[in-house]
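In case you want the letters, here they are:
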Amino acid sequence: MRERDDPEVIGRRVQQLRTQRGLTQRQLAEPAYTPAYISTLEAGRVRASDEALRHIAGRLGVAFEELAVGRPAHLATDLRLRLTEAQRVLADGRAEEAAGQYAALLTEAETHGLRGEQATALLGLGECALETGELEGAREFFERAETRLAEESLPVRVPAVRGRAVAHYLAGELRYAVYLLESTLDELNRGGLHDPDALLLLYASVIGPYMDMGAHARAAQAAEFALALAPRAGDPALIARMHRSVARTLIAEGRVSEADASLAKAAELYRTLRLRTELANCHWMRGYVCAQNGELERAEAELRQAYAMLSESRAALYRSQAAVELADVLHRRGRSEESAVLLEGVLGDFSSERGAVHAAAAHRLLGIIAEDARDTEAAEEHYVRALSLLERAGAAGDLADLCRLLGDLLRRTGRIEAALDAYRTGLGHRTTPGTTTLGPAPAQPPL
């Protein structure tokens, strides 16, 4: 419980409650105290002992806590129940409605000094902001949650750290996202704080940035650790997220059937838990798996399902990212005009600070479509914009291929020196993918 209020505040509270109940000072005091004592207490001239406050609370029919700090009995329990309800609303894909609930609950928790409930509400607001694509707001909410949890152990603070890292990742700040996640993993493992849920959350979250940076070996190792930790974790939603992340490493290794099986497990858990946005992201990833395996018809069906679900839940940034994957499948199925229209429709949702990697993918695909239409000027413009976005994000995984496309275009248009520069840049990223931005690997968990 927080520290007791000042005697003046408690005195006014006692007087107000006594008056509301129609009691005299003598009736409130008897049999243990005198009316004069109650008068002095109500005037704020004496600091009542806990024993005296418990007596007075009993006579007034309220909890000791309500007198001492002004907090109604069972408030914390009620707040936690309502925070759980807000979480359910968010899981159902109603991020804006959930944000309104979390904001009201945060105000209430702040009024009564409930720091744990404040942190939970701030984490919820951060997740809502991630879903609606308000990345700067998301970072601020997660930072405030970390501040509220400053006196707690590191495993308790991990969801706030992970939230900040995801916000930076979605903004295209891959290096910083990896730094946050790796340094926290290192601190947990070196400090012997082997909390399975905290470790699993971090390993599942670092796979995406690793893959985009071209650090496939580290991504595979993170996936290996996550799979080993999963049987010890207690949160089924976290286990589902892990399966979805691990699928990316399995695809990169050519283990398509295993990736599909991992996603099937995730989808089943999401359906059971009724996590609509996460289920949509699972359809998105399954579409990606199918596309990598050449099953384009099935890929289109999965991605359209993801796109529709994310549109319904107004998850703007995730919806636009799924649209880029769908556009790639449409292009590969010979429907380039439809693909270009879809890409042009979502490009405005991206920027160098918001979804940079997918923005680059959209420009890359528009460049290919422009080349097919023999519009080399437009193609070059799209390739250069994509290259700038990927270099700023540090997404070495895709830079080499993009440099090849740009180099081929420059060579065909007779600019040999410029083409050689593009090829050299691509080779530099191909030979050391991801290593230029990553320090020593974090300490490993005791598996």
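Rules used throughout
- Residues numbered from 1 in each chain as written.
- Predicted model: local features only at pLDDT ≥ 70, side-chain atom pairs only at ≥ 80, totals over all residues.
- Heavy atoms only, no water.
- 1 Å grid on protein atoms, 1.4 Å probe; cavity = no way out; pocket = protein on both sides within 12 Å on 5 of 7 lines; lining within 4 Å.
- Points joined across faces, edges and corners; volume = space filled by probe spheres on them.
- Helix = DSSP H or I, 4+ residues; strand = E, 2+ residues; numbered from the N terminus.
- Nonpolar A, V, L, I, M, F, W, Y, C, P; charged D, E, K, R; others polar.
- UniProt positions renumbered as here; feature names shortened; annotations may be inferred.
- Buried < 20%, exposed > 50% of the residue type's maximum accessible area, 1.4 Å probe, protein only.
- pLDDT = per-residue confidence, 0-100.
- Contact = heavy atoms within 4.5 Å.
- Salt bridge = Lys/Arg side-chain N within 4 Å of Asp/Glu carboxyl O.
- Expected span 1.5 Å × (residues − 1).
- Core = buried A, V, L, I, M, F, W, Y, C linked by side-chain atoms within 4.5 Å.
- Arc of directions from axis to C-beta.

1. Describing empty space enclosed by the protein
- Within this structure, the stated rule accounts for one cavity of 30 Å³ or more.
- Size it by volume and the largest cavity reaches roughly 90 Å³.
- Every residue along the wall of the largest cavity is listed here: L185, Y203, V206, Y210, R218, Q221, A222, F225, A441, P442, A443 and Q444.
- Elements with a contribution of two residues or more to the lining of the largest cavity: α12 (196-213) and α13 (216-229).
- Residue composition of the lining of the largest cavity, grouped by class: nine nonpolar, two polar and one charged.

2. Digging into the UniProt feature "domain: HTH cro/C1-type" (unreviewed entry) in the chain
- Using the residue numbers shown here, the UniProt feature "domain: HTH cro/C1-type" (unreviewed entry) corresponds to residues 14-67.
- Note that residues 14-67 is 65% helix and 0% strand, and that its end C-alpha atoms are spaced 7 Å apart.

3. Thoughts on unusual backbone geometry
- Geometrically, the link from E30 to P31 is a cis peptide bond, its omega value of 0 degrees lying close to zero.
- Its identity as a non-glycine residue notwithstanding, R374 has a phi of 65 degrees, on the positive side.
- Tracing the backbone shows R374 in the loop between α20 (356-372) and α21 (376-393).
- The class of R374 is exposed, set by a relative accessible area of 75%.

4. With respect to the confidence of the model for the chain
- Residues of the chain with pLDDT of at least 70 account for 96%, and the chain-wide mean is 89.
- Scored below 50 in pLDDT, residues 431-437 shows nine contacts in the model against residues more than four places distant or in partner chains.

5. A look at the pattern of salt bridges
- Summed over the entire model, instances satisfying the criterion amount to 39 salt bridges.
- Taking the shortest distance from any N to any O, the salt bridge between E338 and R335 comes out at 3.1 Å.
- With relative accessibility at 28%, the residue R335 sits in the partly exposed group.

6. Considerations on the side chain of R139
- Looking at the secondary structure, you find R139 in helix α9 (residues 135-148).
- The contacts of R139, once residues within four sequence positions are left out, are R164, A167, H168 and A171.

7. A short note on helix α11 (residues 174-190)
- Over its 17 residues, α11 runs 24 Å from end to end, which matches the ideal 24 Å to within 8%, given 1.5 Å per residue.
- Burial in α11 covers these residues: L174, A177, V178, L180, L181, E182, T184, L185, L188 and N189.
- Just downstream of α11, G192 is the residue with a positive phi angle, here 70 degrees.

8. Considerations on the nonpolar core
- By size, the foremost hydrophobic cluster in this structure holds 133 residues, and its most contacted members are Y102, L130, L200, Y203, M242 and Y383.
- It is α12 that provides the largest number of residues to this core, a total of twelve residues.
- Other than its neighbours up to four places away in sequence, Y203 contacts L185, N189, A222, F225, A226, L229, A443, Q444 and P445.

9. Thoughts on helix α19 (residues 336-346)
- Among the residues making up α19, those that are buried are S339, A340, L342, L343 and V346. Angular distribution of buried residues about the axis of α19 spans 165 degrees; they occupy a single face of the element. Away from its buried face, by an angle of more than 90 degrees, α19 presents the exposed residues E337, V341 and G345.
- The inward-facing, buried residues of α19 contact α17 (296-312), α18 (316-332) and α20.

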